[in-house]
Amino acid sequence: MRTADQLTLDTVQVLEECGVFTRVLLKDGSTEVMTGKEPLAAVAYAGFETVNDNGVQVTQHNLKIYVRLLSVGRADISPFHTAVNALGATRPISLSSSIQTTDTRTMTFVIECGYRC
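Numbers given for residues are sequential positions, taken from 1 along each chain in its written order. With pLDDT at 70 or above as the cut-off, local features in this predicted model cover only qualifying residues; side-chain atom pairs require 80 or more to be listed or tallied, and sums for whole chains, interfaces and linings still use all residues. Excluded from the side-chain calculations are hydrogens and water; all other atoms, namely the structure's heavy atoms, are used.

Asker: Break down the packing of aromatic side chains for me, citing the residues and quoting the values.
Answerer: Only rings of Phe, Tyr and Trp enter the pairing, Trp through its six-membered ring, and a pair is recorded when the two centres are within 6.5 Å. The plane angle decides the type: under 30 degrees is stacked, over 60 is edge-to-face, the rest tilted. Per the counting criterion, the structure on display carries one aromatic pair. Measuring from ring centre to ring centre gives 4.3 Å for Phe 80 and Phe 109, while their planes differ by 25 degrees; the resulting arrangement is stacked. Here the residue Phe 80 occupies a position in helix α2 (residues 78–88), and Phe 109 occupies one in strand β5 (residues 106–116), the gap between them amounting to 29 residues. Taken individually, Phe 80 and Phe 109 each receive the classification buried, so the pair is uniform in this respect. Lys 27 extends its terminal NZ or CZ atom over the ring of Tyr 66, reaching a point 5.6 Å from the ring centre. Strands are runs of DSSP state E lasting at least 2 residues, helices are runs of H or I lasting at least 4, and numbering of each runs from the N terminus. Working definition: with a 1.4 Å probe on protein chains only, accessible area under 20% of the residue-type maximum means buried, over 50% means exposed, and in between means partly exposed. Note on geometry: a ring has a charge over it if NZ (lysine) or CZ (arginine) is within 6 Å of the ring centre and within 35 degrees of the ring normal.

Asker: Residues and numbers for the pattern of salt bridges, please.
Answerer: Salt bridge, as applied in this entry: a Lys or Arg side-chain nitrogen positioned within 4 Å of an Asp or Glu carboxyl oxygen. Per the stated rule, a full pass over the model turns up three salt bridges. Here Arg 68 ties to Glu 38 by a salt bridge, and the two come within 2.9 Å at their closest N and O atoms. Taken together, the positions of Arg 68 in strand β3 (residues 56–70) and Glu 38 in the loop between β1 (23–27) and β2 (40–53) put the pair 30 residues apart, joining distant regions of the chain. Just as Arg 68 is buried, Glu 38 falls in that class too. We note a salt bridge from Arg 116 to Asp 53, for which the minimum N-O separation is 3.8 Å. A residue pair is termed long-range when its members are at least 10 positions apart, and Arg 116 in strand β5 and Asp 53 in strand β2 qualify at 63 residues. Ionic contacts of the salt-bridge type, sharing partners, join the residues Glu 38, Arg 68 and Arg 105 into one network.

Asker: Tell me about the environment of Arg 68, and please be specific about residues and values.
Answerer: Exposure remark for Arg 68: the relative accessible area of 14% places this residue in the buried category. Once the C-alpha coordinates of Arg 68 and Ala 86 are considered, the two residues, 18 residues apart in sequence, prove to be 16 Å apart.

Asker: Go over helix α1 (residues 4–17) with me, naming the residues and quoting the values.
Answerer: Residue count minus one, scaled by 1.5 Å, sets the expected span of a helix. The end-to-end C-alpha separation of α1 is 20 Å, in line with the 20 Å expected for 14 residues at 1.5 Å each. By the burial criterion, the buried members of α1 are Ala 4, Leu 7, Thr 8, Thr 11, Val 12 and Leu 15. Seen along its axis, α1 keeps its buried residues to an arc of 135 degrees; they face one direction. Residues of α1 that are exposed and point over 90 degrees away from its buried face: Asp 5 and Glu 17. By definition, residues are in contact when any of their heavy atoms lie within 4.5 Å. Each element contacted by the buried residues of α1 is listed here: β1, β2, β3, α2 and β5. In this description, the arc belongs to the directions extending from the helix axis to the C-beta atoms.

Asker: Hey, could you go over the sheet that holds β3 for me, with residue numbers and the actual values?
Answerer: Consider a sheet: its strands pair through backbone hydrogen bonds, and that pairing is either parallel or antiparallel. The pairing criterion for strands is at least two bridges between them, as found by DSSP. Spatially, the five strands line up as an open sheet ordered β1-β2-β3-β5-β4, and their pairing is mixed. Across the chains shown, the open sheet's two edge strands, defined by having one partner strand only, are β1 and β4 (94–102). Adjacent strand axes in the sheet meet at a mean angle of 25 degrees, parallel and antiparallel pairs treated alike. Pairing of β3 with β5, which is carried by eleven bridges, proceeds in the antiparallel orientation. In the strand pairing of β5, Gln 60 is matched with Arg 116. Between N-to-C directions, angles span 0 to 180 degrees; the directions come from axes that are lines fitted to C-alpha atoms, helices contributing only their stretch in contact. Relative to β5, α2 is tilted by about 5 degrees, and along the sheet it contacts β3, β4 and β5.

Below, the structure written as structure tokens:
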């Protein structure tokens, strides 16, 4: 079984190895600012919950991955798609994504992954 810290570090490694990000950060869930040159990713532990899986109580760890991309000119969102594909290969029990913010310079997407341990 992997711990929350192992899941978080494994996710950072998967994103670093997909080769599209200038930097992959560990985000502590606070108002920490993502700094660096785009495309940039940050991984945050979003907590855990106990769920019933066919009569067995299991722990589900949830992660949020923030992907910030440059949106000036013709926006290239291929790093976002690459991140989703890389995370899908880690076999999460749930995987969803949404756009969080868009301003005149950047777009920030949030990818949510759930892993059962």
